[in-house]
Amino acid sequence: MDVEAQRQGVSQVRDETAEKCHKLFQDFLEEFVAEGEAELKYLQDVQNLIRPERNTLTVNFLDVQDHNQQLATTIQEEYYRVYPQLCKAVRNFARDRTQVPPNKEFYVAFEGVPTRHKVRELTTAKIGTLVRISGQVVRTHPVHPELVSGTFICLECQTVIKDVEQQFKYTQPTICRNPVCANRKRFMLDTNKSRFVDFQKVRIQETQQELPRGSIPRSVEIVLRAEAVELSQAGDKCDFTGTLIVVPDVAQIAMPGAQAESDSRGKGGEGYDHEGVRGLKALGVRDLSYRLAFLASYVTASNPRFGGKYLSDEEMTAESIKKQMTDQEWQKVYEMSQDKSLYSNLITSLFPTIHGNDEVKRGVMLMLFGGVPKVTGEGTSLRGDINVCIVGDPSTAKSQLLKAVEEFSPRAVYTSGKASSAAGLTAAVVKDEETGEFVIEAGALMLADNGVCCIDEFDKMDIKDQVAIHEAMEQQTISITKAGIKATLNARTSILAAANPIGGRYDKSKPLKQNIQLSAPIMSRFDLFFILVDECNEVVDYAIARRIVDLHSRQAESVDRFYSVEDIQRYLTFARQFQPQITKESEEYMVEEYRHLRQRDCSATMSSWRITVRQLESMIRLSEAMARMHCQDEVQPKHVKEAFRLLNKSIIRVEQPVINFDEEEEEIFDMNDNEKESEPMETDDQQTPTEPTQEKKSPSKKKATMSWEEYKATSKLLGYYLRSQEEKKEEGFEGVHKSELLNWYLKEMEGDIDTEVELLEKKEKVEKVIYRLIHHDNVIIELTRTGIADRKGGEDEITTEEDPPLVLHPNFSLDD
């Protein structure tokens, strides 16, 4: 009862509806028995409340509906009004059945509220009613103690005033309880006798799926109390059950000018600044500074994997997952694990609208299963998440793959590289408008913790923004030191990136690092690189065209899935619980294959990237993902073989461009023609520049091409012979004549030559290799400008020279 009302002899109005709800709810707790059970359903839960850390009883709203429909309707419509009485009913029930401390407070939380609302649907009509809303948590504040019921001491007469209720702001007694004392202002809070409760603020916003076109996401602040605190982390998609409330907008009240306005009202306007009333009095405007917030009593994940219940990753085990499934669901998971062609069936079911690109689909599928994260004895964590980068020409379904993963994965974030900053990808430190303290707002990588972060247009990112995700990709943490906050946050996420090559089209004659604008450190952090080249192929083009036309004309029938999306999600969650161990044979196979990769990397001068220990770790992770996919406890050599094949595919694809000798010769001829065209400009002789070109291009030849590996082997052999001849004749070495080098090579290769046609083909190819090494790679030098007597310089003599001596470039290393 209010003290002033008590002094004036006014009796307090009783809320009969709330008292009736109190009685009915207590009857429900004491009478409700679940079907097929003997004892009260909530008795065991109430007995657990005797533990010091427990104070909230969770009640299923559907049980209340089954027991008493009128009570359920009243609770739903008048939730905020009757909530204290419901808590009192739980306290009475607990005191009757257990030995709880007399001054302990109890709270009630409702689960299973039937309708779920979006953030955009919260209007003033829903104030005070029981509703369930869903959204994604973007910011969490630290947990503070909140004053619920205060005990005050009057500083004038030392009278103790107990149980002054607090409502979202600090509320003192209106007047001292002592009839003689007229103190209205000077009170002191006695913290020892006051009651506090855990209090946390969380900000949620609309998810991408709920967002109307062209709108920015709306956000709402959630107030969590008691056991509901710390249940949601930044990035979680959660359901909050509670009520919409109106709280004073403290930030608006504290604005400059508001205080002066309220002070200028004089004594009669005392208290306006506390009540949230401000405005321009002369104009008759009163801006009421209140805002909507959501008081939640129950929190649960809005994307439970199955069965309606949510288990955190720490609590999740294969047994607990099996208990969540029905018999039919478990039978389906078992059938999938025994499927011989599970690998191909999964990728066709997951990406039914994308034709071809099976290798990319396999890599993305293994990324979803992931490797096994490990912690060494020293405390160093080794990541288990697999990072994949897709580089390719336009219109090769890169973004479609990313979108498919984002829709399928329960915790995925899709972002574009150009529109993302370093803080937006990692985390930002922002100032809270109410308290003024700095809080961390989660970025894309934090929101995708234990999930997948899809980054499109990865090559368009600024360099400084790319550097920000170095730590997140390997150490899987985000370190922040700014604004007085030093924190290390988890970012245990797989990154699926898509990038376009420089110039829009992938140039096969160049290695990967010259095709994309990425730094070496970030390239080494990707486990798999896939190159998608838009090549003209009649069969493939026909199949893709048919697929696209089918998809547009018959949308539902054309999507043919072997397994449903729900089945794959269930199987994925179950398979991720396996922690496969590497067998001895697999270890030896991995070491051997890694040694081969390193040797080949050293032998190739234009490799796609350097093979480092990270690629060995990638092989281990991919092998573990293969074992997980088949629900096996051991990594077998066949799993390593498939992992090596995928890794090899992503590396070799770019190391084997086909060398077209004719195109390169034409480029060099064109350059020579341009030189010859520019020289006669000084004289009166006007030659047409096309004549020499036509002379050189006139013979129609068969297209001369050679694979990159063959070219490297041939050039290395020629270089070895030139170097050995130079070492034999150290002084007076004038080089090896082209014909001598040619004859030596053909003699070395005579075992591979059977017919005269093959000999001529081989001779022609070697001549073109030597020509390329001289004019394109600049590895061999033609000694045409030396002071030898029978060679007197002139451009014409250089081009018609039949047999010039050749020398290996002194800086060329045969070990590269």
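Chemist: Where do I start with a nonpolar patch on the surface in this structure?
Modeler: Together, Ile127, Val246, Tyr290 and Leu292 give the surface a local cluster of nonpolar side chains, amounting to about 290 Å² of exposed area. Tracing the backbone through its elements, the reader meets valine 246 in strand β10 (residues 237–248).

Chemist: I tried to follow the sheet that holds strand β30 (residues 780–782) on my own but got confused; where do I start?
Modeler: Strand pairing in a sheet is mediated by backbone hydrogen bonds. Such pairs are either parallel or antiparallel. Reading across the sheet, the three strands line up as β29-β31-β30 and stay open at both edges, with antiparallel pairing between neighbours. For this open sheet the edge positions go to β29 (736–737) and β30, each flanked by a neighbour on one side alone. Relative to strand β31 (residues 805–808), β29 runs antiparallel, the two sharing two bridges. Note that in β31 the partner of histidine 737 across the bridge is proline 805. Strand contacts of helix α28 (residues 708–728): β29, β30 and β31, with the helix running at about 95° to β31, the strand carrying the most contacts.

Chemist: Would you mind showing me how to read the pairing of strand β22 (residues 485–490) here?
Modeler: For a regular strand, side-chain orientation follows a simple rule: the groups alternate between the two sheet faces. By the alternation rule, side chains of β22 split into Ile485, Ala487 and Leu489, which are all buried, and Lys486, Thr488 and Asn490, of which none is buried. With six bridges joining them, strand β21 (residues 477–482) and β22 adopt antiparallel strand pairing. Within the sheet, the bridge partner assigned to lysine 482 lies in β22 and is isoleucine 485. Adjacent in sequence and paired antiparallel, β21 and β22 are bridged by two residues, among which alanine 483 carries a positive phi angle near 55°.

Chemist: I tried to follow a negative patch on the surface on my own but got confused; where do I start?
Modeler: Among the surface-exposed residues, Glu585, Glu587, Glu588, Asp633 and Glu634 lie close enough to one another that they form a single negatively charged patch. Relative to the elements of secondary structure, glutamate 587 occurs in helix α23 (residues 584–603).

Chemist: Before we go on, may I ask you to explain the sheet that holds strand β24 (residues 528–532) in this structure?
Modeler: Sheet architecture is open: five strands sit in the order β17-β20-β23-β16-β24, paired in parallel fashion. Since the sheet does not close on itself, it has two edges, and those belong to β17 (412–416) and β24, each with one partner. Mean inter-strand twist for the sheet, computed between neighbouring axes without regard to direction, equals 15°. Bridge count for strand β16 (residues 388–392) against β24 is five bridges, and the pairing is parallel.

Chemist: Would you take a moment to explain helix α2 (residues 16–31) for this structure?
Modeler: A turn of α-helix holds 3.6 residues, and therefore any two residues three or four places apart point the same way. Given a rise of 1.5 Å per residue, 16 residues ought to cover 22 Å, and the 22 Å separating the end C-alpha atoms of α2 matches this to within 8%. Every buried residue of α2 is listed here: Ala18, Cys21, His22, Phe25, Gln26, Phe28 and Leu29. Down the axis of α2, the sector holding all buried residues measures 155°, keeping them to one side. For α2, the exposed residues set more than 90 degrees away from the buried face come down to Glu16 and Lys23.

Chemist: What should I look at first to understand the nonpolar core in this one?
Modeler: Where a protein is soluble and globular, its nonpolar side chains tend to be buried together. Counting residues in hydrophobic clusters, the biggest one holds 58 residues, and the most contacted among them are Leu346, Met367, Phe369, Val405, Leu496 and Met629. The element contributing the most residues to this core is helix α13 (residues 358–369), with seven residues. When sequence neighbours within four positions are dropped, the list of residues in contact with phenylalanine 369 reads Leu346, Tyr571, Leu572, Ala575, Arg576, Ala625, Arg628 and Met629. Core analysis: the next-biggest nonpolar cluster, separate from the first, contains 39 residues, Ala444, Leu489, Tyr506 and Ile522 among them.

Chemist: Looking at this model, I keep getting lost on the confidence of the model for the chain. Mind explaining?
Modeler: Predicted confidence across the chain gives a mean pLDDT of 76, with 79% of residues reaching 70 or more. When the elements of the chain are averaged for pLDDT, helix α27 (residues 690–697) gives the smallest value, 38, and strand β9 (residues 219–225) the largest, 89. Low pLDDT, under 50, characterises residues 667–701; the predicted model gives this stretch 13 contacts beyond four residues in sequence or across chains. A low-confidence stretch, residues 787–800 stays under pLDDT 50, and its non-local contacts, those more than four residues away or across chains, total nine contacts.

Chemist: Explain the packing of aromatic side chains here, please?
Modeler: Each aromatic ring pair is summarised here by two numbers: the centre-to-centre distance and the angle between the ring planes. Summed over the entire model, instances satisfying the criterion amount to 14 aromatic pairs. Between phenylalanine 458 and phenylalanine 526, the aromatic rings sit 5.7 Å apart at their centres with planes inclined by 85°, giving edge-to-face as the arrangement. In this pair, phenylalanine 458 sits in the loop between β20 (452–456) and α17 (463–468) while phenylalanine 526 sits in the loop between α19 (520–524) and β24, placing the two residues 68 residues apart along the sequence. Between phenylalanine 574 and phenylalanine 578 the ring centres are 5.7 Å apart and the planes differ by 85°, which places this aromatic pair in the edge-to-face class. When its relative accessible area of 9% is taken as the criterion, phenylalanine 574 is described as buried.

Rules used in this analysis
Residues numbered from 1 in each chain as written. Predicted model: local features only at pLDDT ≥ 70, side-chain atom pairs only at ≥ 80, totals over all residues. Heavy atoms only, no water. Patch = residues over 30% accessible without salt bridge, like charges linked within 9 Å, V, L, I, M, F, W, Y side chains within 5 Å. Areas by Shrake-Rupley, 256 points an atom, 1.4 Å probe, with all protein chains shown as cover. Salt bridge = Lys/Arg side-chain N within 4 Å of Asp/Glu carboxyl O. Helix = DSSP H or I, 4+ residues; strand = E, 2+ residues; numbered from the N terminus. Pairing = 2+ DSSP bridges. Contact = heavy atoms within 4.5 Å. Axes fitted to C-alpha atoms, helices over the stretch in contact; angles between N-to-C directions. Buried < 20%, exposed > 50% of the residue type's maximum accessible area, 1.4 Å probe, protein only. Lys, Arg positive; Asp, Glu negative; His and termini not counted. Charge placed at Lys NZ, Arg CZ, Asp CG, Glu CD. Expected span 1.5 Å × (residues − 1). Arc of directions from axis to C-beta. Core = buried A, V, L, I, M, F, W, Y, C linked by side-chain atoms within 4.5 Å. pLDDT = per-residue confidence, 0-100. Phe/Tyr/Trp six-rings, centres within 6.5 Å; stacked < 30°, edge-to-face > 60°.

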